[in-house]
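One-letter residues, chain by chain:
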Amino acid sequence: MMGGRGTFAAGRNVDFTYKTVGTIEGVKVLEGMYGKHALPEESLSSKAYIKLRRNGTFHEMRIYGDDHLPVMDIAYHTEPNIEPSKAPVLHVHRYHGDVANREPAEPITKEIYDKYSKFFVGVPKYDRW
C-alpha cells in the first residue's frame, strides 16, 4: 500500500489511499481505496502507474518525470473531442508541472503507441495512422 502523496507530507503521516494489485511488464497496477479513483498526483518511487477497469482491461497509465510529477497520461475511454461516436479511444493528456496543469486530450501518436502498447491489456489493436 502507498499514500497518495507518499507516506509523509506536510509534516504528518498520509493515509494509504492506493494498493498495488499487480504488475504489467514491471509497472505497478494500482487500485484506489476509500473511493479514490484517480492515479497518484506524484510518485516518489515509480516512473509510471497503471489503472485497470474492474474487468481487468486497461483504463489509464500515468508517466512521471524526474521531479516525481506527472508528464503524461495515456488513457482508453470516451473522448468526444477525438471520437464523436462516444466509442473508447486511446489518447494522451500532457502535463506542465502538477495535475492542475493538464492539457486537453490529443490523439495518441504512433511513437507513443509503439512504446507503451504492451501495457494496453484488452485494448483492440490501434491502427489509425
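Throughout what follows, the structure given in this document is the object of discussion. This one's a predicted model, so the numbers in the text were calculated from it and none came from an experiment.

A word on the overall build of the protein. Across its full length, the protein holds 1 helix and 10 strands. Considering the protein as a whole, with its 129 residues, one finds that 40% of them fall into the buried category. For the protein, the proportion of contacts with a sequence separation of at least 24, taken over those separated by at least 6, is 26%. Surface summary for the protein: the accessible area is close to 7,700 Å², and the carbon and sulfur share equals 51%.

With respect to the secondary-structure elements, serine 43 resides in the loop between strand E5 (27-32) and strand E6 (48-52). When its relative accessible area of 2% is taken as the criterion, serine 43 is described as buried. Only 3.3 Å separates the side chain of serine 43 from the side chain of tyrosine 49, close enough to count as a polar contact. Ignoring sequence-local partners within four residues, the contact set of serine 43 consists of Tyr49, Tyr64 and His68.

Below, the discussion takes up the nonpolar core. Core analysis: the biggest nonpolar cluster contains 24 residues, and Phe58, Met61, Ile74, Leu90, Ile108, Tyr116 and Phe120 have the highest contact counts within it. Leu30, Leu39, Tyr49 and Tyr64 belong to the second-largest nonpolar core, a separate cluster that totals 5 residues.

Here we come to the pattern of salt bridges. One pass over the full model with this rule turns up 6 salt bridges. Between glutamate 106 and arginine 94 there is a salt bridge, and its shortest N-O distance comes to 3.1 Å. Residue glutamate 106 is found in strand E10 (residues 106-107), and its partner arginine 94 is found in strand E9 (residues 89-94); the two are separated by 12 residues along the sequence. For glutamate 106, a relative accessible area of 22% corresponds to the partly exposed category. Note on arginine 94: relative accessible area 30%, which makes it partly exposed. Measuring nitrogen to oxygen at the nearest pair gives 3.0 Å for the salt bridge that ties aspartate 114 to lysine 110.

Quick look at the environment of isoleucine 63 now. Within the element layout of this structure, isoleucine 63 appears in strand E7 (residues 58-64). By relative accessible area, isoleucine 63 is classed as buried at 11%. Along the sequence, isoleucine 63 and serine 46 sit 17 residues apart, while their C-alpha atoms lie 8.7 Å from each other. Non-local contacts of isoleucine 63, meaning those with residues more than four positions away in its chain, are made with Lys47, Ala48, Leu69, Pro70, Val71, Met72, Ile74 and Tyr116.

Analysis parameters
- Residues numbered from 1 in each chain as written.
- Predicted model: local features only at pLDDT ≥ 70, side-chain atom pairs only at ≥ 80, totals over all residues.
- Heavy atoms only, no water.
- Helix = DSSP H or I, 4+ residues; strand = E, 2+ residues; numbered from the N terminus.
- Buried < 20%, exposed > 50% of the residue type's maximum accessible area, 1.4 Å probe, protein only.
- Contact = heavy atoms within 4.5 Å.
- Areas by Shrake-Rupley, 256 points an atom, 1.4 Å probe, with all protein chains shown as cover.
- Polar contact = N/O pair within 3.5 Å; in protein donor to acceptor, adjacent residues only side chain to side chain.
- Core = buried A, V, L, I, M, F, W, Y, C linked by side-chain atoms within 4.5 Å.
- Salt bridge = Lys/Arg side-chain N within 4 Å of Asp/Glu carboxyl O.

Honestly, it's all geometry; don't read function into it.
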